[in-house]
Amino acid sequence: MKLEGFELRRIRMPLRTPFRTSFGTEHERDVLLLRVVTSESEGWGECVAMSSPLYSAEYVSGAVSVIKRFLIPSLSTVDASRAVRDMARFKGHPMAKAAVEMALLDAQLRASGMSFGTFLGAVRESVPAGVSVGIAPSIPSLLSTVEDYLAQGYVRIKLKIEPGWDVSPVRAVRERFGDDVQLQVDANAAYTLADARHLARLDDFDLLLIEQPLAEDDLRDHAALARLIRTPLCLDESITSAKAAAFAISLGACQVVNIKPGRVGGYLEARRVHDVCVAHGVPVWCGGMLETGLGRAANVALAALPGFVLPGDTSASDRYYVEDITEPFVLEGGRVRVPGGAGLGVVPDGDALGERSTWVEWVPV
Ligand code: OSB
Ligand code: MG
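Residues numbered from 1 in each chain as written. Chains lettered and ligands numbered in written order. Predicted model: local features only at pLDDT ≥ 70, side-chain atom pairs only at ≥ 80, totals over all residues. Heavy atoms only, no water.

## Quick word on the packing of aromatic side chains
- One pass over the structure, following the stated rule, counts 5 aromatic pairs.
- For the pair Tyr149 and Tyr154, a centre-to-centre distance of 5.6 Å together with 90° between the ring planes defines the contact as edge-to-face.
- With a relative accessible area of 10%, Tyr149 lands in the buried category.
- Tyr154 sits in the buried class, given a relative accessible area of 3%.
- Sitting over the ring of Phe119, Arg271 keeps its end group 5.1 Å from the ring centre. (Phe/Tyr/Trp six-rings, centres within 6.5 Å; stacked < 30°, edge-to-face > 60°. Buried < 20%, exposed > 50% of the residue type's maximum accessible area, 1.4 Å probe, protein only. Lys NZ or Arg CZ within 6 Å of the ring centre and 35° of its normal.)

This is the structure we're talking about:
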């Protein structure tokens, strides 16, 4: 199988409702898609970098640049694991590398007729769906959003928190919806160890976990915090590789791990993070980055691996977008189905892509 080139495309995906986190408010997603063309098949990759470097150092225009200038020219083969080794000499840029890897894996798997799920080692045909709820303008508005998601069947609610929006929204959700709702919070690194006493107030609400309370590079402080609170500590931003996961676990910096393929450089590394966590008895769940149906298809396949014992941010398409670019992922009894077709098992709709594209460029290999 010969590599012919990559089509890079940016599409504009307006979010159904603005998504506010401790690092900013997203109104629409500027998504970079890759379509790799080989002599035998095509494959799709989605880059999860956001417009601005607020969640991590990467951003869409930077990803476009590094993919064109360095990653594509470094590739010697269609084979995805070989490509990951080719790209490894360039430092950083895991989200850009993950998008290239995803496109190659998809092309390779479509050519051989195998699904992402089968390739990765999925053991379930569907996965339970959680939903990530942004910081709301008021408590009543938060409660009506959560009520709507629970009515749709989401089996776990994650509240975004920040200083000034933490204990009161959690208390309000518990008081209104009861103790049976699986509830967790995500701070996106908005606190410091000096907030430990305040964060310990969340212990009263029987949360599944608190996600990334402190800075990305603050593993020692996370370990110290874990000794000061009872709520299990989960890391997102800090887990940049399987090695980082092993280190964080050995330090006592987390009891749970959020796995996002983009953040760790791809699905192959994501599977290694899963394996390391399983070996240490650490539960994992699949995070999200507001993906379109393409990234969602791959995430849902990953979330079907045996160590994913907590519901992920693997929501239905209509949680994010009025219209997805693929067949929409829908909630069925609180679960999302793992596609069974070759590769990702979904393809983007040509018309939808055309309408949403803001930029396209063909890069030959
Ligand atoms: O921290 O998990 C996060 C979205 C964008 C960037 C970071 C995060 C998130 C989410 C939403 O929480 C996850 C999703 O539903 O895709
Ligand atoms: Mg997070």
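What follows picks up the thread again.
## Regarding helix α5 (residues 139-152)
- The end-to-end C-alpha separation of α5 is 20 Å, in line with the 20 Å expected for 14 residues at 1.5 Å each.
- Taken as a whole, α5 has its buried residues at Leu142, Leu143, Val146 and Tyr149. Along the axis of α5, the buried positions cluster into a sector of 125°, meaning they face one direction only. Along α5, the residues that are exposed and aim more than 90 degrees away from the buried face are Pro140 and Ala151.
- The elements touched by buried residues of α5 are β5 (130-133), β6 (156-160), α6 (167-177) and α13 (317-320).
- Capping the start of α5 is the job of one residue whose side-chain oxygen sits 3.2 Å from the backbone nitrogen of Ser141: Ser138.
- Positive phi appears at Gly153, one or two residues downstream of α5, with a value of about 110°. (Helix = DSSP H or I, 4+ residues; strand = E, 2+ residues; numbered from the N terminus. Expected span 1.5 Å × (residues − 1). Arc of directions from axis to C-beta. Contact = heavy atoms within 4.5 Å. Polar contact = N/O pair within 3.5 Å; in protein donor to acceptor, adjacent residues only side chain to side chain.)

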